[in-house]
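In case you want the letters, here they are:
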Amino acid sequence: MRKLSIRDLDLSGKRAFIRVDFNVPIKDGEVEDDTRIRAAIPTINYAIEHGARVILASHLGRPKGQRVDKYSLRSVAEHLSKLLGKPVAFAEDCVGEAARAKVDALNDGEIVLLENLRFHPEEEKNDEVFAQQLASLCDLYVNDAFGAAHRAHASTVGITKFVKQAAAGLLMEKELEYLGRVISNPEHPFVAILGGAKVSDKIPVINALIDRNVDKLLVGGAMAYTFLKAEGFTVGKSLVENDMLGTALQIKQRCEASGVELLLPTDHQIVDSYEPIKGGQVLAKTIPIEFTNAGHAGMDIGIETVARFSSALKDAKTIIWNGPMGVFEEPPFNQGTIGIAHAVAEAADRGAIVIVGGGDSVAAVTQAGVADHITHISTGGGATLEFLAGKELPGVAALTDRT
Ligand code: AMP
């Protein structure tokens, strides 16, 4: 790696400010899904074992620069303490006296979690004075928050100007290594599976994938309807971006010109409108795409499409997957996404490198019980897409270069 890693730092007795991504769902004061917290544990343990005084900082939700109780990280400190089996102190603020007192009280190998960075509007503005206040708490800076690396904020970029060394944490390093391998040197056949709501969000990554000689592009989720409509199919009330029809056709032509096989759904689960599912009354049926009428709304890929997509993965050596195949949050429209989760896990068992990113696809591999088959589960959503699209992430660019 071009950037300094936590493994290059002399941590003993040092105050290490570790920017983590603890942006987790919290319900009734309890952490609902701790995947992101667990993902940071190797770095935290590494720092403790090497005698650092660990200062953890994160954002949570969108409190818009104000103190909002439901976005407090206090319950995360308690949860982390249980996971680590050791005390985790909590500072009521991420800067000022509250933070300083807790940091000063740390002994080697001890941990404090600072309150939500976004309680201060200066965080998202990448404010210099605020960044300097954060930096004044520490001797060394480590960024392990890959999911926030595409944002230039005070805790991801600004702070690096005021510390001697800014290094990548173990999770950050792992993300950069796996995703870096995919964009620089993927083993072929290389297959990308894209889903989710919008084509517009994914255009840069689709173009980058075509540039990187992806062999097959499998498109599901609502974004498939924009492609299908552009090809002249009736898609009824399915979610379509009408201003993207031309772009969808251009992508299709680019695929043809570059020898990229573009696979779209051939059947789907539909409802007669979006309304019935709201009341819990689901009248779903699976039909071929060409049977769709003006009243139908496509909610998920069908069984035939799951089978076609799965067989397109059979000989794949590298697979990336981002975005659900349907309205994953509303069963039974999670079936297509779960089917693809099993298919990518089987490919990984055969030896393919499989990278899954984005909240819903990650939730799907967990729900399907195949998370530990996946080569690398990326903790980033937007950051993963931007990295795969070939953009330099500000939070990575700001780290100290290896000399
Ligand atoms: P994204 O954030 O772009 O990955 O999109 C995720 C969202 O896409 C999820 O909330 C899904 O419910 C939604 N989605 C996927 N397929 C469909 C579909 N066929 N119709 C409507 N929404 C969909």
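Being a predicted model, the structure only gives us computed values, none of them experimental.

### Re the sheet that holds strand β13 (residues 285-288)
The antiparallel open sheet is built from 3 strands, whose spatial order is β13-β12-β14. Each edge of the open sheet is held by one strand with a lone partner, namely β13 and β14 (297-301). Neighbouring strand axes in the sheet, compared pairwise and without regard to direction, differ in orientation by 45° on average. As judged from the 4 bridges shared by strand β12 (residues 267-271) and β13, these two strands associate in the antiparallel manner. Paired with D267 across the strands is P288, a residue of β13. The strands that helix α11 (residues 303-312) touches are β12, β13 and β14; relative to β14, the one it contacts most, it runs at about 40°.

### Comments concerning α11
Among the residues making up α11, those that are buried are T305, V306, F309, S310 and A312. Within α11, the buried residues cover an arc of 160° as seen down the axis, which keeps them to one side. Considering only its buried residues, α11 is in contact with β9 (190-194), β10 (216-219), β11 (261-263), β12, β14 and α12 (335-349).

### Here we look at the state of the cysteines
Note on terminology: a disulfide is the covalent bond linking the sulfur atoms of two cysteines. According to the stated counting rule, one finds 0 disulfides in the structure shown. Cysteine C138 remains unbridged, with the sulfur of C94 as its closest cysteine sulfur at 13 Å.

### Some points on the layout of surface pockets
In this model, the largest pocket occupies a volume close to 770 Å³. In terms of lining, the largest pocket is formed by 35 residues, of which the most central are T35, V362, I377, S378 and T379. When residues of the lining of the largest pocket are traced back to their parent elements, those giving at least two are α1 (35-49), α6 (170-184), α13 (359-367) and β17 (376-377). A class-by-class count of the residues in the lining of the largest pocket yields 12 nonpolar, 16 polar and 7 charged. Residue assignment places the lining of the largest pocket across two domains, with domain 1 (6-172) and domain 2 (186-388) each supplying three or more.

### Quick word on the nonpolar core
F17, I55, L114, L134, L209, L217 and F227 are the most contacted members of the largest nonpolar core, which has 70 residues in total. If you look at the next biggest cluster of nonpolar residues, it comprises 33 residues, including I48, L60, V76 and L140.

### Observations concerning the packing of aromatic side chains
Applying the stated criterion across every chain, the model contains 2 aromatic pairs. Taking the centre distance of 6.5 Å and the plane angle of 75° together, the rings of F146 and F387 count as edge-to-face. Of this pair, F146 sits in the loop between β7 (140-143) and β8 (166-168) while F387 sits in helix α14 (residues 382-388), and the two are 241 residues apart along the sequence. Residue classification places F146 among the buried residues on the basis of a relative accessible area of 0%. Overall, F387 belongs to the buried group, its relative accessible area being 14%.

### Observations concerning the pattern of salt bridges
This structure, assessed with the given rule, holds 20 salt bridges. The closest approach of N and O atoms between D315 and K216, which form a salt bridge, is 3.7 Å. With D315 in the loop between α11 and β15 (318-322) and K216 in strand β10, the pair connects residues that are 99 residues apart, well separated along the chain. On the basis of relative accessible area, D315 is assigned to the partly exposed category, the value being 46%.

### With respect to the site of the ligand
Of all residues adjacent to the ligand, which total 15 residues, the nearest are A197, A222, G298, G326 and E329. Measuring from an oxygen atom of the ligand, one finds a side-chain N or O atom of K202 at 3.5 Å. Interatomic distance of 3.1 Å between a backbone N/O atom of A222 and a nitrogen atom of the ligand. Per-class residue counts for the shell around the ligand are 8 nonpolar, 4 polar and 3 charged.

### Some points on the domain arrangement of the chain
Accessible area lost upon the coming together of the parts serves often as the stated size of an interface. Per the domain assignment, the segments making up the chain are domain 1 (6-172) and domain 2 (186-388). Computed from C-alpha coordinates alone, the two centres of domain 1 and domain 2 are separated by 35 Å. With 6 residues of domain 1 at the interface, the matching set in domain 2 holds 8 residues. Interface area, domain 1 with domain 2, both sides summed: about 630 Å², of which 68% is carbon and sulfur. Between domain 1 and domain 2 we count 0 salt bridges in total. At the surface where domain 1 touches domain 2, the tally comes to 0 residue pairs in polar contact (both at pLDDT 80 or more). Of the residues in the side of domain 1 that touches domain 2, the class split is 3 nonpolar, 2 polar and 1 charged.

### Some details on empty space enclosed by the protein
For the structure shown, the criterion picks out 2 cavities of 30 Å³ or more. When its volume is computed, the largest cavity comes out at roughly 40 Å³. Considering the residues around the largest cavity, the lining is formed by D21, R36, A39, A40, D144, L171 and T379. When residues in the lining of the largest cavity are grouped by element, the largest group, 3 residues, is from α1. One number sums up the size of the second largest cavity: a volume of about 30 Å³. Together, I320, W321, N322, I355, V356, G357, T384 and L388 line the second largest cavity. At the level of secondary structure, the elements contributing two or more residues to the lining of the second largest cavity comprise β15, β16 (353-357) and α14. Classifying every residue of the lining of the second largest cavity by side-chain character gives 5 nonpolar, 3 polar and no charged.

Thresholds, definitions, all that
Residues numbered from 1 in each chain as written. Predicted model: local features only at pLDDT ≥ 70, side-chain atom pairs only at ≥ 80, totals over all residues. Heavy atoms only, no water. Pairing = 2+ DSSP bridges. Helix = DSSP H or I, 4+ residues; strand = E, 2+ residues; numbered from the N terminus. Axes fitted to C-alpha atoms, helices over the stretch in contact; angles between N-to-C directions. Contact = heavy atoms within 4.5 Å. Buried < 20%, exposed > 50% of the residue type's maximum accessible area, 1.4 Å probe, protein only. Arc of directions from axis to C-beta. Disulfide = S-S within 2.5 Å. 1 Å grid on protein atoms, 1.4 Å probe; cavity = no way out; pocket = protein on both sides within 12 Å on 5 of 7 lines; lining within 4 Å. Points joined across faces, edges and corners; volume = space filled by probe spheres on them. Nonpolar A, V, L, I, M, F, W, Y, C, P; charged D, E, K, R; others polar. Domains from an automatic or database assignment. Core = buried A, V, L, I, M, F, W, Y, C linked by side-chain atoms within 4.5 Å. Phe/Tyr/Trp six-rings, centres within 6.5 Å; stacked < 30°, edge-to-face > 60°. Salt bridge = Lys/Arg side-chain N within 4 Å of Asp/Glu carboxyl O. Near = heavy atom within 4 Å. Polar contact = N/O pair within 3.5 Å; in protein donor to acceptor, adjacent residues only side chain to side chain. Buried area = accessible area lost by both parts, 1.4 Å probe.

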